[in-house]
Protein chains: 2
Amino acid sequence: MNSSDFLPHIAYDSVIFGFSGEKLKILIMKYHNTGFYALPGGFVLKNENLNDAVQRGLKERTGLDNIYLEQFYTFGDIERFKPEVMQMILEANNIKVKDYEWMTDRFISVAYYALINYDNVVPTPDALSDSCDWYAIDQLPPLMLDHSKIVQKALQTLRDNLERKLVSMNLLPTLFTMKELQKVYEAILGETLRRTTFQRQILSLGILKRHEKQYSGKAHKAPFLYSFDKASPSVL
Amino acid sequence: MNSSDFLPHIAYDSVIFGFSGEKLKILIMKYHNTGFYALPGGFVLKNENLNDAVQRGLKERTGLDNIYLEQFYTFGDIERFKPEVMQMILEANNIKVKDYEWMTDRFISVAYYALINYDNVVPTPDALSDSCDWYAIDQLPPLMLDHSKIVQKALQTLRDNLERKLVSMNLLPTLFTMKELQKVYEAILGETLRRTTFQRQILSLGILKRHEKQYSGKAHKAPFLYSFDKASPSVL
DNA sequence: ACTTATTGTCTCAATTTGTAACAATAATAA
DNA sequence: TTATTATTGTTACAAATTGAGACAATAAGT
């Protein structure tokens, strides 16, 4: 894969959501020697579909195939164009800026959010970065360029889509309790929900399949386990 | 404005909605001598915000400033890349393909929909096209490339946003009757609505201001005129 | 004055949601 | 064994919203 195999001026950034410890988290990269924190992103090959490029990048960061992906906005302001930032990153990696001039040019970035099962993932940094780690969305480090804005817009879109799409299905393991499902909704919406109303509404959708009980060893009634019912017409 | 002033590989397409004769319509261009029908679109200047480029294009097509615009998807499949199509358009206009090679390269297109008041507009073709005309969304001619797919996605997004955003405000004149407002909703949703329920729900939002009656000369009770109340907190 | 088409409003039933109560558990402690 | 505790599934009832229809109030035309 050669530098000139990429489409110039076009990049993508991904907001990769996972759910753990009652919190919504996203993956953040830290670049070598610069202290820059950024969203995982990348470029599009000249003979590659945009969506495939993003899947390819996510596979590299997470090891997962067929990730649930949703494109939500394309950021194209000129204020994004800060050549000195990319220059510092290249220099911090001992890369000759001359050879990668296309990288310091203006970029338009297509932003996606992904939903993945936190437990299945081993976050993996790329060649330019020290780390790729989970951060709770309310405890993010300062992000470079307009990446904070991108995260905010991703979160807003996720909230808006919560009712219409089966978002939570991608954030939970196959089997889960009603309480866990509620916690996901609460983490996304940023507010607490009433237990009985939530349970009634979710069950009335007819998309859940009930399984055996889960005994936690705690001194109280054991909850049922549920899964999303693939046989249900509304589950794609 | 020189050819090399544009960002290569990046284009935009716009689905410009208007409402007339109880139907939702969009603007379609017809290219010279080729029989190609297409959405109004254009390119982004190297020192121009993406969103500003779209506003600039819409101003040329409609004569209007400050158009209500919503970005809804970026189309980036390689199957979009059909160099022979752009080549035919250039040749049909006696433009040397050599001088405009960047135009026949692969493009990623950021798609927007716009909402405008039908009556305020004089659709204007550009240098490459014969016409720029209104077509009802259920009577579109065959569109080039993936433009039909773009229209479908625009319509779907418009429907999804109908409750959350004050869409109809941009499609109607300042003063309108309850029946006209209902027709806009019906045209967008593609289904008929119950008169009494619609009226009750819309009024309960508290965003309409009631004005004098409108006497049509017809033999029946005259309806009130309404406007969107700028003083209402939910109207931006 | 009578007719017609349409509009604004009201009524009542049907449905959905908010809120609280209650019984059923799974373990622990007495 | 028998309370005790925390949590869960379900029900009951009030409050709010929606569906469906009825009805009175027009602006003309006849």
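Here the structure is a predicted model, which means the values were calculated and not measured.

Asker: Explain the overall build of chain A residue by residue, including any values.
Answerer: Summing up its helical and strand segments, chain A has five helices and 10 strands in all. Projected onto its principal axes, the C-alpha positions of chain A cover 65 × 35 × 30 Å. When burial is assessed residue by residue, chain A has 29% of its 236 residues classed as buried. At a minimum sequence separation of 6, the contacts of chain A that also span at least 24 residues come to 71%.

Asker: Just give me the short version of helix 4 (residues 178-189) of chain A, but keep the residues and values in it.
Answerer: Residues and elements named next belong to chain A. The end-to-end C-alpha distance of helix 4 is 17 Å, a good match for the 16 Å that 12 residues give at a rise of 1.5 Å each. The complete set of buried residues in helix 4 reads Leu 181, Lys 183, Ala 187 and Ile 188. Taken down its axis, helix 4 places every buried residue within 155° of arc, on the same side. The inward-facing, buried residues of helix 4 contact strand 1 (6-20), strand 2 (23-31), helix 3 (147-161), strand 8 (176-177) and helix 5 (195-204). One or two steps after helix 4, the chain reaches Gly 190, where phi turns positive at roughly 75°.

Asker: Lay out the protein's contact with DNA strand D with the relevant residues and their values.
Answerer: The full set close to DNA strand D counts 21 residues, and A:His220, A:Lys221, B:Thr196, B:Ala219 and B:Lys221 are the nearest of them. Secondary-structure elements contributing two or more residues to the surface near DNA strand D are helix 4 and helix 5 of chain A together with helix 5 (195-204) of chain B. At three residues, the largest contribution of residues to the surface near DNA strand D is made by helix 5 of chain B. Tallied by class, the residues present in the surface near DNA strand D amount to seven nonpolar, nine polar and five charged.

Asker: Hey, could you go over helix 1 (residues 50-62) of chain A for me, with residue numbers and the actual values?
Answerer: Look at helix 1 of chain A: 19 Å from first C-alpha to last across 13 residues, which is about the 18 Å you get at 1.5 Å a residue. A:Gly63 occupies a position one or two residues after helix 1 of chain A and carries a positive phi of about 80°.

Asker: Before we move on, can you summarise the sheet that holds strand 10 (residues 224-228) of chain B with the specific residues and values?
Answerer: All names here are of chain B. Taking strand neighbours across the sheet as the criterion, the three strands line up as 8-10-9 in an open arrangement whose pairing is antiparallel. Two strands bound the open sheet, and with one partner strand each, they are strand 8 (176-177) and strand 9 (208-213). Sheet analysis places strand 8 next to strand 10, joined by two bridges and oriented antiparallel. Within strand 10, the residue paired with Phe 176 across the bridge is Tyr 226.

Asker: Tell me what's going on with the relation of the copies chain B and chain A, and back it up with residues and numbers.
Answerer: The relation between the two copies of this chain is a rotation about an axis and a shift parallel to it. Note on the copies: chain B fits chain A at an RMSD of 0.1 Å, the axial shift is 0.0 Å, and the rotation between them is 180°. Here the copies are linked by what is in effect a two-fold axis. Both copies present the same face, since 100% of the interface residues in chain B are matched by interface residues at the equivalent positions in chain A.

Asker: Could you give an account of unusual backbone geometry, with specific residues and numbers?
Answerer: Not every positive phi belongs to a glycine, and A:Asn94 is a case in point at roughly 60°. Mapped onto the secondary structure, A:Asn94 falls in the loop between helix 2 (83-92) and strand 6 (108-115). Although it is not a glycine, B:Glu22 adopts a positive phi angle of roughly 65°. Along the chain, the position of B:Glu22 falls in the loop between strand 1 (6-20) and strand 2 (23-31). With 11 C-beta atoms packed within 10 Å, B:Glu22 lands in the exposed category.

Asker: If you had to explain the protein's contact with DNA strand C to someone new, which residues and values would you point to?
Answerer: What surrounds DNA strand C is a group of 21 residues, the closest being A:Ala219, A:Lys221, A:Ala222, B:His220 and B:Lys221. Of all the secondary-structure elements, those providing two or more residues to the surface near DNA strand C are helix 5 of chain A together with helix 4 (178-189) and helix 5 of chain B. Ranked by the residues each element gives to the surface near DNA strand C, the list is headed by helix 5 of chain A, at three residues. Taken together, the residues of the surface near DNA strand C break down into seven nonpolar, nine polar and five charged.

Asker: Please give an account of the interface of chain B and chain A that cites residues and values.
Answerer: Chain B puts 22 residues into the contact, and the matching count from chain A is 22 residues. Among the elements of the structure, strand 1, helix 1 (50-62), strand 5 (68-75) and strand 6 (108-115) of chain B are those that each provide at least two residues to the side of chain B that touches chain A. If you tally residues by element for the side of chain B that touches chain A, the top one is strand 1 of chain B, at four residues. A class-by-class count of the residues in the side of chain B that touches chain A yields nine nonpolar, seven polar and six charged.

Asker: Hey, could you go over the pairing of strand 6 of chain A for me, with residue numbers and the actual values?
Answerer: Looking down a regular strand, the side chains alternate between one sheet face and the other. All names here are of chain A. Of all eight residues making up strand 6, seven are buried, and the element is well covered by its neighbours. Judged from the eight bridges that link them, strand 1 and strand 6 form a sheet pairing that is parallel. Residue pairing across strands places Ile 16 opposite Ala 114, the latter belonging to strand 6. Where strand 5 (residues 68-75) lies against strand 6, seven bridges are found, and the strand directions are antiparallel. Looking at the pairing, Tyr 68 lines up with Leu 115 of strand 6.

Asker: How would you summarise the sheet that holds strand 9 (residues 208-213) of chain A if you had to cite specific residues and measurements?
Answerer: Ordered in space as 8-10-9 (chain A), the three strands form an open sheet in which the pairing is antiparallel. Pairing within the sheet leaves two strands with one partner each, and these edge strands are strand 8 and strand 9 of chain A.

Asker: Which residues make up the environment of A:Leu27, and what values go with them?
Answerer: Structurally, A:Leu27 can be placed in strand 2. Taking the C-alpha atoms as reference, A:Leu27 lies 13 Å from A:Tyr112; in sequence the two are 85 residues apart.

Asker: How would you sum up the nonpolar core? Please name residues and give values.
Answerer: Counting 107 residues, the largest nonpolar core has A:Val15, A:Phe17, A:Ala114, B:Val15, B:Phe17, B:Ala111 and B:Ala114 as its most contacted members. Apart from residues no more than four positions distant in its own chain, A:Phe17 is found in contact with A:Leu24, A:Ile26, A:Tyr113, A:Ala114, A:Leu115 and A:Leu171.

Asker: Kindly report on the environment of A:Asn117, identifying the contributing residues and their values.
Answerer: Residue and element names in this part refer to chain A. Take Asn 117: it is sitting in the loop between strand 6 and strand 7 (129-136). Residue Asn 117 is classed as partly exposed on the basis of its 19 C-beta neighbours within 10 Å. Separated by 56 residues in sequence, Asn 117 and Pro 173 have C-alpha atoms that sit 6.4 Å apart. Sequence-distant contacts of Asn 117, defined by excluding residues within four places in its chain, comprise Leu 171, Leu 172 and Pro 173.

Asker: If you had to explain the environment of A:Phe43 to someone new, which residues and values would you point to?
Answerer: Residues and elements named next belong to chain A. Relative to the helices and strands, Phe 43 is located in strand 4 (residues 41-45). Classification of Phe 43 as buried rests on a count of 21 C-beta atoms within 10 Å. As for Phe 43 and His 9, which are separated by 34 residues in sequence, their C-alpha atoms are 9.0 Å apart. Look past the residues within four positions of Phe 43 in its chain and what remains in contact with it is Phe 6, Leu 7 and Ala 11.

Basis of the calculations
- Residues numbered from 1 in each chain as written.
- Chains lettered and ligands numbered in written order.
- Predicted model: local features only at pLDDT ≥ 70, side-chain atom pairs only at ≥ 80, totals over all residues.
- Helix = DSSP H or I, 4+ residues; strand = E, 2+ residues; numbered from the N terminus.
- Buried ≥ 20, exposed ≤ 12 C-beta atoms within 10 Å, placed from the backbone.
- Contact = placed C-beta atoms within 7 Å.
- Expected span 1.5 Å × (residues − 1).
- Arc of directions from axis to C-beta.
- Near = placed C-beta within 6 Å.
- Nonpolar A, V, L, I, M, F, W, Y, C, P; charged D, E, K, R; others polar.
- Pairing = 2+ DSSP bridges.
- Least-squares fit on C-alpha atoms with pLDDT ≥ 70 in both.
- Core = buried A, V, L, I, M, F, W, Y, C linked by C-beta atoms within 7 Å.

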